[in-house]
Amino acid sequence: MTLTRVLPGRETQMARLGDLVDQVAGTGRAAGGGGAAVAVVGEAGAGKTAVLDAVADRARDGGFLTLRCTGLSCETGTTGAGLHELLHGVLDRATGLPPDRQAALDAYFGRHDGPPPSRLTLCLATLELLEEVARHAPVLILVDDLQWLDQLTTDVLTFVARRLRTAPILVIAGVRSGGPATDRNLPWPVTAVDLPPLPEPVALDVIRAAVPDLDVAATRRILAVAEGNPLALREFAVAFAGGDLDPDGPLPATRRLTGSLLAELDLLPRPTHRFLVLVAASDRNLLPELMPAAARIGLRPEDLDPAERSGVLRVTGDRLYFRRPLLRHAVYAAATWSQRTEAHTALADTTLDAGRAAWHRSALAGGDDEDVAGDLEKAAGRAASLTEAVRLLRRAAALTPAPRTRAARLAAAAELARRGGYPAETRELIDAATALAPAPPVAGRLILTRAVLALAEGLDPAVAVDTIETAVRSVGSETAGPALAAAGALAWHLDLPGRLRDDLVRGLDETLAAADPPDDMLIMARTWVDPSAGAADARRRLPSVLTGLKDQVLSDGTWRRHETTHLLVAAARTAESLHDLPTAVRCWELLADALTVTRGATGDEAHRLADQAPTRVAAGRINDALAETVRARTLGEELGLPRLTALAIAGHALASAWAGAGLATAVAAGPAAASAYVDALTGWAAGLVALRHEDYAGAYSRLIALDHRTTAWNAVGDLAEAAAGTQEPALAATARDRLTRAGRAAEAFDSDHLRAVVLRGRAVLDSADDCFTESAAAARRAGAALELARTLLAHGTRLRRTGSVVAARGHLGEAHFLFTSAGAGPWAQKAAAELRAAGVTQGRPAAVDAAEVLSPQELRIAMMAARGMTNQEIAAEMVCSHRTVGSYLYRIFPKLAITNRAQLREALA
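The text that follows walks through the structure, step by step, so that each part is easy to find. (Residues numbered from 1 in each chain as written. Predicted model: local features only at pLDDT ≥ 70, side-chain atom pairs only at ≥ 80, totals over all residues. Heavy atoms only, no water.)

1. Digging into the overall build of the protein chain
Here is step 1: On a plain count of helices and strands, the protein chain comes out with 48 helices and seven strands.
Here is step 2: By the compact-globule yardstick of 29 Å for 909 residues, the protein chain is too spread out, its C-alpha radius of gyration being 37 Å.
Here is step 3: Its C-alpha atoms put the protein chain at 120 × 70 × 60 Å along the principal axes.
Here is step 4: Taking all 909 residues of the protein chain together, 55% fall into the buried category.
Here is step 5: Put simply, 68% of the contacts in the protein chain that link residues at least 6 apart link residues at least 24 apart.
Here is step 6: Accessible surface for the protein chain amounts to roughly 37,800 Å². Of this, 53% is attributable to carbon and sulfur atoms.
Here is step 7: Of note, the protein chain has its 98 positive side-chain charges centred 3 Å away from the centre of its 107 negative side-chain charges. (Helix = DSSP H or I, 4+ residues; strand = E, 2+ residues; numbered from the N terminus. Rg over C-alpha atoms; globule rule 2.2 N^0.38 Å. Buried < 20%, exposed > 50% of the residue type's maximum accessible area, 1.4 Å probe, protein only. Contact = heavy atoms within 4.5 Å. Areas by Shrake-Rupley, 256 points an atom, 1.4 Å probe, with all protein chains shown as cover. Lys, Arg positive; Asp, Glu negative; His and termini not counted. Charge placed at Lys NZ, Arg CZ, Asp CG, Glu CD.)

2. Notes on the pattern of salt bridges
Here is step 1: Across all of its chains, the model carries 58 salt bridges by this definition.
Here is step 2: For the salt bridge of Arg621 with Glu589, the shortest nitrogen-to-oxygen distance reads 3.9 Å. One end of the pair, Arg621, is in the loop between α30 (613-618) and α31 (622-639); the other, Glu589, is in helix α28 (residues 581-596), and 32 residues separate them in sequence.
Here is step 3: For Arg621, a relative accessible area of 33% corresponds to the partly exposed category. (Salt bridge = Lys/Arg side-chain N within 4 Å of Asp/Glu carboxyl O.)

3. Focus: unusual backbone geometry
Here is step 1: A positive phi is found at His579, a non-glycine position, where the angle reads about 55 degrees.
Here is step 2: When you line up the elements, His579 lands in the loop between α27 (563-577) and α28.
Here is step 3: Taking the relative accessible area as the measure of exposure, His579 reaches 3% and is therefore buried.
Here is step 4: Of note in the backbone geometry, Gln727 takes a positive phi value of approximately 60 degrees without being a glycine.
Here is step 5: Among the secondary structure elements, Gln727 is positioned in the loop between α37 (716-726) and α38 (729-749).
Here is step 6: For Gln727, a relative accessible area of 69% translates into the label exposed.

4. Let's talk about the side chain of Thr351
Here is step 1: Residue position: Thr351 is located in the loop between α15 (337-350) and α16 (354-362).
Here is step 2: At 3.2 Å, the side chain of Thr351 and the backbone nitrogen of Asp353 are in polar contact.
Here is step 3: Setting aside its immediate chain neighbours within four residues, Thr351 contacts Arg284, Glu289, Arg356 and Ala357. (Polar contact = N/O pair within 3.5 Å; in protein donor to acceptor, adjacent residues only side chain to side chain.)

5. Section: the sheet that holds strand β2 (residues 65-70)
Where strands meet in a sheet, backbone hydrogen bonds hold them as pairs that are either parallel or antiparallel.
Here is step 1: As summarised here, the arrangement of the five strands in space is β2-β3-β4-β1-β5, forming an open sheet in which the pairing is parallel. Since the sheet does not close on itself, it has two edges, and those belong to β2 and β5 (191-194), each with one partner. Ignoring strand direction, the axes of neighbouring strands in this sheet form an average angle of 20 degrees.
Here is step 2: For strand β3 (residues 139-144) and strand β4 (residues 169-176), the ladder comprises five bridges, and the chain directions are parallel. Within β4, the residue paired with Leu142 across the bridge is Ile172. (Pairing = 2+ DSSP bridges. Axes fitted to C-alpha atoms, helices over the stretch in contact; angles between N-to-C directions.)

6. Description of the packing of aromatic side chains
Here is step 1: Enumeration according to the criterion identifies five aromatic pairs in this entry.
Here is step 2: Look at Trp658 and Trp827: their rings are 5.3 Å apart centre to centre, the planes differ by 40 degrees, and that puts the pair in the tilted class. You can see Trp658 sitting in helix α32 (residues 642-659) and its partner Trp827 sitting in helix α43 (residues 825-837), a full 169 residues away along the chain.
Here is step 3: The class of Trp827 is buried, set by a relative accessible area of 2%. (Phe/Tyr/Trp six-rings, centres within 6.5 Å; stacked < 30°, edge-to-face > 60°.)

7. Thoughts on the environment of Glu200
Here is step 1: Here Glu200 is to be found in helix α7 (residues 200-210).
Here is step 2: Once the C-alpha coordinates of Glu200 and Ala224 are considered, the two residues, 24 residues apart in sequence, prove to be 9.5 Å apart.

Limitation: the analysis is restricted to geometry and does not speak to function.
Laid out in structure tokens, this is it:
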């Protein structure tokens, strides 16, 4: 037998009940078969009646006779009302019962005159009647809303349910959780089938089935409020579709919904009802906020007692909670306008929070009200979370009479929604603001918000090209600056055709020439498109931009601090374009600080974690990069941002190439061709793995194909190493050509990091010791730990193989130390193998003459540290900072072939 009804999200429960139906039907065909009793437990609106209907359909197909009754709150005191509804259709079968049982039923139901039977006699007569009916066909007894049945009917059904061992009778009762029969206090031992809230994907399907084209904001509001309650999902969706309702205003109250959810409130006193409306209007539920408001309208604390005793409310600490938040929304939706006015007025008059007062006054506004809208906008500036700020700004926009002011507030809400990780709502807010013909500055902000969202969600290359061409055509207009900045951000991630890249550079140059004062964002965008031109200007201005951003982070208001995140990401991207590793590290750290002091910026946090991975790796923080990219991938998937997810996967692949864990899985999981940047990171990772396994041809084929300029230059040293390994002159010539171009860029950028990469490449190709030495010095200046380690490993290997074993040991020991500290396990193993080949036994360093390998300054610091002095004490003695001392020790340890301070005394002995 198959179900004749489809109940989304209830498949497991229906399967269990269907098995019971089949089981009872089978025992009915076998001699001596028995029945069962089941309770279907769920909140009001959870779908208990729908489940019972579906079971009835299935049982009818199986030949069952279905008997049914429904508990009603208005009939709880009517003795036997439920029993009469259940049995009136089969009373004619009582003719087959013993005379005394038949007489008892006839007397009770008024079919014949006579004294009413005792309760036990009635119970026995009902059981025997049901058994008589079950002799001809299995019986299904369905009881809806058991908690409202009269006591006699409950007693009779309890008697019957405990005696189902010999008859094919299945009793299924729908019981409301939170009511009199809640917490498993059922009148008989039963199997409980719970109906939990629907998961979000199923809840979304329910909304779409009811109203396919419901807008995003309303859908999100319904999902949050309905909490997976099927009835609420459908009723709210239909009500929203039927009228122009504010998604942040009171939810609609339908008769069916309030009748289901609020039936238990009918017996509460009127003052308790008023108090419930007050609690529902104050969504923070704080007793210190509620009690002054209650006193203002003449309510007392004891007026809450009936609601607490009935389980509608509970008090925890200084807060009041409805049994479920959905009940709070139902109470508020069912309240009259005068009741809401009374509650909000009292709360606005007594709260000490200006933002809360503005929100309560806005709930009373019947039309445009700029004063209230302005107060709401100010409250949004003080909001503790982005979600709250978006809600306040949306409400402010709804009350704003001037279209351009409304557009500005919607644009601010859109940017905050994007940062909070709500892409669908962001698009809706952008469209709403754009439709109001906003002022040019607001239109520019909308362009940037849309561009950043597109970079996270992914953009079809043809659409991206069209967006960039539109930006180029906007040169000379008031929105040219933001449009070109957005185009530059897109260009960073894409491999643009040469003509389009030239057009974009020309447009940026023209707009910069006309700007007074110069626009820092456009200067930075210029470097993203073509870092070679204008590098000197960008590098000169970057420190002052970073200083200004640091001041903004410290001075901006809570959510307004997020306005600096665009510029912080732009500054980090500019530093990466110029291969300025120390500045890129500072930018990402400053962005982390800006996001730490605010809450709810999930979208921005996901961007940061994914975008900063290559810088993390270059700085030698591989384990941090691994952990952060895993988190970024999770957030990207949860927020529905596929390109961001792909970037996180690519960053994880790059870190894994150094750490030696999980690369194959990470690369396989990444979406193909998400962007040139993502593809380049993935290709670089694969090239590094091939190099580590000495698959030089495979590494070369991966690295020569990198189409993203900044990434290709970062990997040019690895390309040279792969070319040298293949011993193919043509490949070496191609690698030299790339090294030449990257070398020119390093000089134009004045980048020690890129110099170190280029010099390592030249050293490997030409076996040039002076290039190795210069590369190591440049890497130290840049703070590029892994690049330094790679150079020292390559140089040490060359020295060992050419017979300079003693000189090789210092390079190899430091390389091993750096790789180990950075978490590059496989590369540390390569260094350890070279050390063993150089005569340094694993676990016991060869004797090193400290005076020979250390400079006088390093030797002095090492001797003080060996005596037990702290970094601060050494710094005071040396007249320098403790960080400088730490940097010296960082270089001293590998030179002495040790790993910590405790080994210094023995090494210096």
